[in-house]
Amino acid sequence: MSADIRRLPEGTDVGAPPRPPLREPAFRTLWLGDLAARSAHQITAFGLSLLVVTLLAGSGTQVGLVGAAQFVPVLAFSLLVGTWTARTSLRWILVTGNAARGVVLFGIGALAATDRLVFTALLVGAFLIGSAAVLHDIGSQVTAPRLLDGDRLVAGNGLLQATTSVTQMAGPAAAGFIVQSAGASWAAVVTGALFCAAAMAMAALPARALGPAADRGDAPTIRAGLAYVWRSRPIRDLCVQSALFNLHEQAFATVFLVYGVRTLGLSGGLIGLVIGLGSVGALVGSLVAGRIGARLHLGRALTVSITVAALGLLLVPGLAAAGTATVLIGAGFVINGAALAVYNVLAVTVRQQVPPPVLLGAVTASYRIAAFGSLPVGALLGGVLADLAGATTAVWVVAVSLTVSSLLLYASPLRTAAQIAEVQALADTTTRKERSIRHGD
């Protein structure tokens, strides 16, 4: 990379990234480490909240604060971590992100074993764990395209997405079982050991392949990543679509909880089972996308999959209104999970292969800020709408609005791109056009 990297958003051409060498054994190591890390993460996310209720006899507000403490670092630190990935060893980032979570959990376990665990300590621990999670999440997404290329990257992303789906299904159950059978202190120790195992796997990754993408003086700024996302039409359109979808889906999850209890008369356990079927669909969708994703028309698959995911949730109140059995209502969540997984696998692949390698971390972080930043807003809007309009009206309003917003990509030039090379060409064209407009050319 030349010394003009810092000025990429101001006027330097950004061509397609060079094809990295294929390192499939190294990717398997990354996958094993990611499997351990995501398993531990899902257990931790549920387990910390469970500790508030069971061990500390805390309030609902305290449960919410512990959950929020794990999410706030995503908004606070993602952009900073994104720039680090260009100037720092990715292996170091992945090892640190997992080892740090293990150490914090060992500390929580020690406090619990000596009856010295208080809410403040748990809250601080949750924040530290969430901060370290940002290192792993961004680092792993930037690492994957260093180890795989082309069709293999699509398959690799499908495998990683499938891992996420499996751990989302198993994590809460595993957390409950470990806390109940082994106690809070041992639960923290076991989960911490999983994070340390993930760190050991990441330490086995090839250091040479995962070194800094740029010299420290040439590393991109936070502003460079934000500017590239804004000026590259394909990346921008995917970012906006993902943010809108996440906002609506989180609103739907909030509203459906109220709708299920008050209108359908379902128990909390049954609601959890129905919603959990979406993870089963996500697992299937991830594996399908990984196997055949490279043979699909990329733009068409993205536009259709996100719309089908929205229609799946629109099907939920429709089936409920028709008096369909509760289990069959879950079919809507299965369809949603499967289609959304296909979209996620392909969207992540686009985001990994289109930007210049030196900007990949910054672009990934910028994208995640927009996509995940809409989640708490959606939860709040869903709750307010359910209170103002009633649960039945709210679930229909959110489902219809989600379906309409899912049509955004049909107005994007991305829909015409059959292969990743065409997306790269669109990105280069729109980036140059944005710069020309800005400079008055």
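Residues numbered from 1 in each chain as written. Predicted model: local features only at pLDDT ≥ 70, side-chain atom pairs only at ≥ 80, totals over all residues. Heavy atoms only, no water.

Formally: UniProt positions are given in the numbering used here, feature names are shortened, and annotations may be inferred rather than shown by experiment.
If you check an unreviewed UniProt entry, the protein chain appears there as Putative MFS family arabinose efflux permease from Micromonospora violae. Taken verbatim from the UniProt record of the protein chain, the Subcellular location (unreviewed entry) comment is "Cell membrane".

**A word on the pattern of salt bridges**
Worth spelling out the cut-off: The term salt bridge refers to a side-chain nitrogen of Lys or Arg lying within 4 Å of a carboxyl oxygen of Asp or Glu. Strands here are runs of E lasting at least two residues and helices are runs of H or I lasting at least four, both read from the DSSP assignment and numbered beginning at the N terminus. The classification of residues rests on relative accessible area computed with a 1.4 Å probe and restricted to protein chains. Under 20% of the type maximum is buried, over 50% is exposed, and intermediate values are partly exposed.
Counted according to the given criterion, the structure contains five salt bridges. Between Arg152 and Glu24 there is a salt bridge, with the nearest N and O atoms lying 2.5 Å from each other. With Arg152 in helix α5 (residues 150–182) and Glu24 in helix α1 (residues 24–54), this pair connects stretches of sequence that are 128 residues apart. Given the relative accessible area of 41%, Arg152 is considered partly exposed. A salt bridge links Arg368 to Asp137; its shortest N-O distance comes to 3.6 Å. With a gap of 231 residues between them, Arg368 in helix α12 (residues 360–389) and Asp137 in helix α4 (residues 119–147) connect regions that are remote in the sequence. The class of Arg368 is buried, set by a relative accessible area of 7%. Among the residues examined, Asp137 registers a relative accessible area of 16% and is labelled buried. Within the structure, one salt-bridge network assembled from shared partners comprises Asp34, Arg38, Asp137 and Arg368.

**Regarding the packing of aromatic side chains**
This is how it is decided: Centres within 6.5 Å are what make two rings of Phe, Tyr or Trp a pair, Trp counting through its six-membered ring; a difference in plane orientation under 30 degrees is then read as stacked, over 60 as edge-to-face, and the rest as tilted. Geometrically, a charge over a ring is one whose NZ (Lys) or CZ (Arg) sits within 6 Å of the ring centre while staying within 35 degrees of the ring normal.
Tallied over the full model, the rule gives five aromatic pairs. Pairing Phe252 with Phe256 gives two aromatic rings, centres 6.1 Å apart and planes at 10°, and the pair type is stacked. Taken together, the residues span about one helical turn, with Phe252 and Phe256 both in helix α8 (residues 233–262) at a distance of four residues. Neither residue differs from the other here; Phe252 and Phe256 are each classed as buried. Members of the aromatic cluster, joined through ring pairs, are Phe252, Phe256, Tyr259 and Phe333. The ring centre of Tyr367 lies 4.4 Å from the NZ or CZ of Arg351, which sits over that ring.

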